[in-house]
Amino acid sequence: MRNTIIRLQEMIVPMLICIVLLPLSRELSPMANIQGNAIFLLYLPLALAISVVMLFGMKGFAPLFIVYTFYYSTLNIMSLTEAVVLSLCYGLPLWGSFCVMDRMVGVRWRCDIDSMTSRALGIRMFVFGLLYPLACKGMMLAFGSVLDMSPVMERYFSYKLDMFAVVNVEALVLSSIAISPAYYYTLRMLLNRNYARKFFNQCLRDAFSREKHCVTFIWLGILLGALFAICFPAQENFNVSYFIPLLFILFTYGIFRFGHRVILLMWSFTSLCLFIFNSNFSVELNSSYQIAFLSASLIAFTVSIFYMAVMFKRSEVMKRVYMHLARIDPMVGLANIRSLSEYIENHPKGTLCFLRLTNLEALSRYHGMMMRVDTKRRIAAVIKPLLKPGEDIYQLPGCELLLYLDTTDNVNRIHLIRQCLCGAELSWNDNPVMLRYGIAYTHFDATKESLYTRVGKLHHLSERASLENEVISLEENAESIREEVSERVVWLRKITTALLENRLELYAQPIVHSGGKSYYEILARLLDNGEVIPPSKFIPLISEFNLCAQFDLLMVENVVKHISEAKLDTSNTCFSVNLMPLTLMQRDTAPRIIEIFEHYQVRPEAIIFEITEEQHLVNENIEHSTIKALRDYHFKIAIDDFGTGFSNYQRLKSLNADVVKIDGVFVKDIVNNSLDQLIIKSICDIAREKKLQVVAEYVESQEQFEMLQQLGVQYLQGFLLGEPKPLSSF
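Residues numbered from 1 in each chain as written. Predicted model: local features only at pLDDT ≥ 70, side-chain atom pairs only at ≥ 80, totals over all residues. Heavy atoms only, no water.

Chemist: Break down the overall build of the protein for me, citing the residues and quoting the values.
Modeler: When helices and strands are counted, the protein shows 27 helices and 20 strands. Taken over C-alpha atoms, the radius of gyration comes to 43 Å for the protein, far larger than the 27 Å a tight globule of 730 residues would show. Overall, the C-alpha framework of the protein stretches about 135 × 60 × 50 Å when taken along its three principal axes. Within the protein, the fraction of its 730 residues that count as buried is 49%. Restricting to contacts in the protein with at least 6 residues of sequence separation, those with at least 24 account for 69%. Summing over all exposed atoms, the protein offers an accessible surface of approximately 36200 Å²; the carbon and sulfur share of this is 57%. (Helix = DSSP H or I, 4+ residues; strand = E, 2+ residues; numbered from the N terminus. Rg over C-alpha atoms; globule rule 2.2 N^0.38 Å. Buried < 20%, exposed > 50% of the residue type's maximum accessible area, 1.4 Å probe, protein only. Contact = heavy atoms within 4.5 Å. Areas by Shrake-Rupley, 256 points an atom, 1.4 Å probe, with all protein chains shown as cover.)

Put into structure tokens, the structure is as follows:
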């Protein structure tokens, strides 16, 4: 009993809608006289029935049948039996179409076309634009063959195929696909306040916004003017219906400008106006053909509008997806710096907080990129509960994150964030992850300074914060940071200019054998406006700014060029040239060096390449392949600074070298330090076993000279044996 009451209550709303709108819809349905018979050009009750079914589903069929039958029976033009038959002719095919759509598309077909795919829309057009009207007409013909109809109704149920039948079918099609959207949107807005608000915000507010209102009013003015000109022509018996396709152009523009909902509503209104006032612009002699042509044209363009609506919606969805992807890092899932740039346009004042994850880069080399991604996600999850509404975390390339906080005093909160990060337990594949955090912050006003300039300063300051294990304010260190950054910019400009203009000053320092023969190590200086810049000033910056390959190859070419131009005897004169680790990491280093030698026609025996190992190489396979390519061309290889950094016994074992250069740190105190003596002796013993030459650097006294010879060092280098002199003197 209770379920029955609930179902009856659910039927009340669609029944009230039908009671109120059915008489009004029939009265507004435009009619014409074809072949002496009155005919509906658009049957609005049919559009009302479809919209009710779309809104209420199966619950709408019973109220539709009851109200439609009762209303038709009250008309003087048909009996109760004919009213039931007419309701069945419209209702049964509608029920069948409903079942087909539910089965083939799913229940979402009854929603706005926003949620419909091209396939679903195609099925909907086929079902309601073809099958449903034909099924309605088919049932009318079937009932007409077995029942005697009144004179008014007989023409609709007749088998006679003429312009009346054609226009009648076209009216059913147009009512189903062109007018039903207007009923659907109107009723849904009346029944659902949230949908009405959404409709207004997404359609009308945008169309009448400050940026678009002029275009909107112009478009509406042109549309109303064109409709008035067509519906009320200045000259009688002048066929203006051929100008109706011009309206299609106007609506094609409108759908991409104002959205499909507004355009579908306007199209329903336009179609209704054209049929209501068709007698004003159709020539009486050919009115039936003109009406048929007009109906066919409107059907074709209605289908086009629906498909353009799907295309427009899809393009809008893709635009939002692309804009989302442009603002969100797809791996980490955090907003990026572009998103922050757009956010500060409306919120120019805040606090920028730069978070450096100091050792994450080194850890991700061993554990993989996904370890870095997962760690950033976990860190963001730790920080987010501490943020206020409107604050966010932004992804930066590498191992840094950026926070944008509000304008209040956030010092205590930033220290709390650091405290929470230090206390967080991070892991990857059940292995604990221990990180160091460097945090630098500053108050920011986008109206006074560029975001990227400020972030650059914070990036530099976060390095110091990481080393000092502190939270550092940019305002408190602004002067020192400005000087450091300015100095680095000046040095970068000097180094880049010197490399581009080949302002290298090369020197050669002798490396002397105990037997008297020698070769020379090439040492580079930069020239800047007559000033000689020592390597201690520019070599670290060359590595930092990734100019190693450019610098090393330029030095190699200058040496080889001098050998060629000075016609030096390479059988007696040999030079050693340093190659930095990042140079060896370039796959094209060996081919480019070989190309230089072949260009100047210099033998490879003229150069020994010293492999510097001041830092760990990211990919040792590339380094080994570069060294192998150089050795295959008969270059000799020396391991420089042996015993320090990564130049160790493992490197001596893995690299096929010819020379070992002992770092000067073991030479300085060799006379008085027995441990240094043991280390150098062990190096010499291993070198002798591998048939390698041994060179000792920083030899500055006779005592060092004699001690090194006793320990087995063959070659010695230092001020005792000769100071560097310009390469041009050779």
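Chemist: A description of the sheet that holds strand S6 (residues 400–405) should follow, citing residues and the corresponding values.
Modeler: An order of S3-S5-S6-S4-S9-S10 is seen for the six strands of this open sheet, with the pairing classed as mixed. Of all strands in the sheet, those with a lone pairing partner are strand S3 (335–336) and strand S10 (471–473), marking the two edges. Sheet analysis places strand S9 (residues 437–445) next to S10, joined by three bridges and oriented parallel. Residue pairing for S10: Ala 440 is matched across the bridge by Ile 472. Contacts from helix H17 (residues 411–423) reach strand S4 (349–357), S6, S9 and S10, with the element oriented near 155° to S9. On top of the sheet, helix H18 (residues 451–468) reaches S4, S6, S9 and S10; it is set at about 150° to S9, its chief contact. (Pairing = 2+ DSSP bridges. Axes fitted to C-alpha atoms, helices over the stretch in contact; angles between N-to-C directions.)

Chemist: Can you explain the packing of helix H2 (residues 44–56) against helix H3 (residues 61–74)? Please cite residues and give values.
Modeler: Where H2 contacts H3, the two axes come as close as 10 Å, and the packing angle between them is 160°. Regarding the angle of H2 to H3, the classification is roughly antiparallel. In this structure, H2 meets H3 at a crossing whose hand is right-handed. Between H2 and H3, the residues in contact are Pro 45, Leu 48, Ala 49, Val 52 and Val 53 and Phe 61, Leu 64, Tyr 68 and Tyr 72, respectively. Taken together, the residues of the contact of H2 with H3 sort by class into nine nonpolar, no polar and no charged. (Parallel < 35°, antiparallel > 145°, perpendicular 65-115°, else oblique. Left-handed = near helix turned anticlockwise from the far one by under 90°. Nonpolar A, V, L, I, M, F, W, Y, C, P; charged D, E, K, R; others polar.)

Chemist: A description of the packing of aromatic side chains should follow, citing residues and the corresponding values.
Modeler: Centre distance and the angle of the planes are the two values used to describe a pair of aromatic rings. For the structure on display, the rule yields 21 aromatic pairs. The interplanar angle of 70° and the centroid separation of 4.8 Å between the aromatic rings of Phe 597 and Phe 635 together place this pair among those described as edge-to-face. Here Phe 635 lies in the loop between helix H24 (620–632) and strand S16 (636–642) and Phe 597 lies in helix H23 (residues 589–600), a separation of 38 residues in the sequence. Judged by its relative accessible area of 0%, Phe 597 falls in the buried class. Here Phe 609 and Phe 635 contribute two aromatic rings whose centre-to-centre distance is 5.0 Å and whose plane-to-plane angle is 65°, an arrangement assigned as edge-to-face. A residue pair is termed long-range when its members are at least 10 positions apart, and Phe 609 in strand S15 (residues 607–611) and Phe 635 in the loop between H24 and S16 qualify at 26 residues. Exposure class is identical for Phe 609 and Phe 635. Each is buried. Linked through ring pairs, Trp 219, Phe 248, Phe 251, Trp 267 and Phe 301 together constitute an aromatic cluster. Directly above the aromatic system of Tyr 195 lies the positively charged group of Arg 188, at a separation of 4.0 Å from the ring centroid. Above the ring of Tyr 698, the side-chain terminus of Lys 668 is found at 5.9 Å from the ring centroid. (Phe/Tyr/Trp six-rings, centres within 6.5 Å; stacked < 30°, edge-to-face > 60°. Lys NZ or Arg CZ within 6 Å of the ring centre and 35° of its normal.)

Chemist: Would you mind going over the pattern of salt bridges in detail, with residue names and values included?
Modeler: A full pass over the atoms with the stated rule returns 21 salt bridges. Between Arg 338 and Glu 342 there is a salt bridge whose closest N-O contact spans 3.8 Å. With a gap of four residues between them, Arg 338 and Glu 342 both fall in helix H14 (residues 337–346), about one helical turn apart. Put simply, Lys 661 and Glu 610 hold a salt bridge, and the shortest N to O gap is 3.0 Å. With Lys 661 in strand S17 (residues 659–662) and Glu 610 in strand S15, this pair connects stretches of sequence that are 51 residues apart. (Salt bridge = Lys/Arg side-chain N within 4 Å of Asp/Glu carboxyl O.)

Chemist: Could you give an account of the environment of Thr 497, naming the residues involved and the relevant values?
Modeler: Summarising the element assignment, Thr 497 is placed in helix H19 (residues 478–500). Residue Thr 497 is classed as partly exposed on the basis of its relative accessible area, which comes to 26%.

Chemist: Account for a nonpolar patch on the surface, with residues named and values stated.
Modeler: A surface patch of nonpolar side chains, about 420 Å² in accessible area, is lined by Val 317, Met 318, Val 321, Tyr 322 and Leu 325. Structurally, Tyr 322 is set in helix H13 (residues 287–327). Residue Tyr 322 is classed as exposed on the basis of its relative accessible area, which comes to 51%. (Patch = residues over 30% accessible without salt bridge, like charges linked within 9 Å, V, L, I, M, F, W, Y side chains within 5 Å.)

Chemist: Hey, could you go over the pairing of S15 for me, with residue numbers and the actual values?
Modeler: In terms of burial, S15 is a largely internal element, five of the five residues being buried. Of the two faces of S15, the one lined by Ile 607, Phe 609 and Ile 611 and the one lined by Ile 608 and Glu 610 are each fully buried. Note that strand S14 (residues 575–579) and S15 share five bridges and pair parallel. Each bridged residue has a counterpart across the sheet, and for Asn 578 the counterpart in S15 is Glu 610. Sheet topology places S15 next to S16; four bridges connect them, and they run parallel.

Chemist: Can you break down helix H26 (residues 674–689) residue by residue, with the values?
Modeler: Taking 1.5 Å per residue as the helical rise, H26 with its 16 residues ought to reach 22 Å, and the 23 Å between its terminal C-alpha atoms agrees with that figure. Along H26, the positions that sit buried rather than exposed are Asp 676, Ile 680, Ile 683, Cys 684 and Ala 687. The arc that holds the buried residues of H26, viewed along the axis, is 100°, so those residues lie on one side. Among the exposed residues of H26, those pointing more than 90 degrees away from its buried face are Ser 674, Leu 675, Leu 678, Arg 688 and Glu 689. Between a side-chain oxygen at the N-terminus of H26 and the backbone nitrogen of Leu 675 the separation is 2.9 Å; the capping residue is Asn 673. Once H26 finishes, Lys 691 follows within two positions and takes phi at roughly 60°, a positive value. (Expected span 1.5 Å × (residues − 1). Arc of directions from axis to C-beta. Polar contact = N/O pair within 3.5 Å; in protein donor to acceptor, adjacent residues only side chain to side chain.)

Chemist: Please provide a residue-by-residue account of the environment of Trp 109, values included.
Modeler: Within the secondary structure, Trp 109 is located in the loop between helix H4 (80–104) and helix H5 (118–146). In sequence terms Trp 109 and Lys 59 are 50 residues apart; their C-alpha atoms lie 16 Å from each other.

Chemist: Describe in detail unusual backbone geometry, supporting the description with residues and values.
Modeler: With a phi angle near 50°, Lys 567 is a residue other than glycine that sits in the positive phi range. Inspection of the secondary structure assignment puts Lys 567 in the loop between helix H21 (548–566) and S14. In this structure, Gln 601 is a non-glycine residue whose phi angle is positive, near 55°. In this fold, Gln 601 is placed in the loop between H23 and S15.

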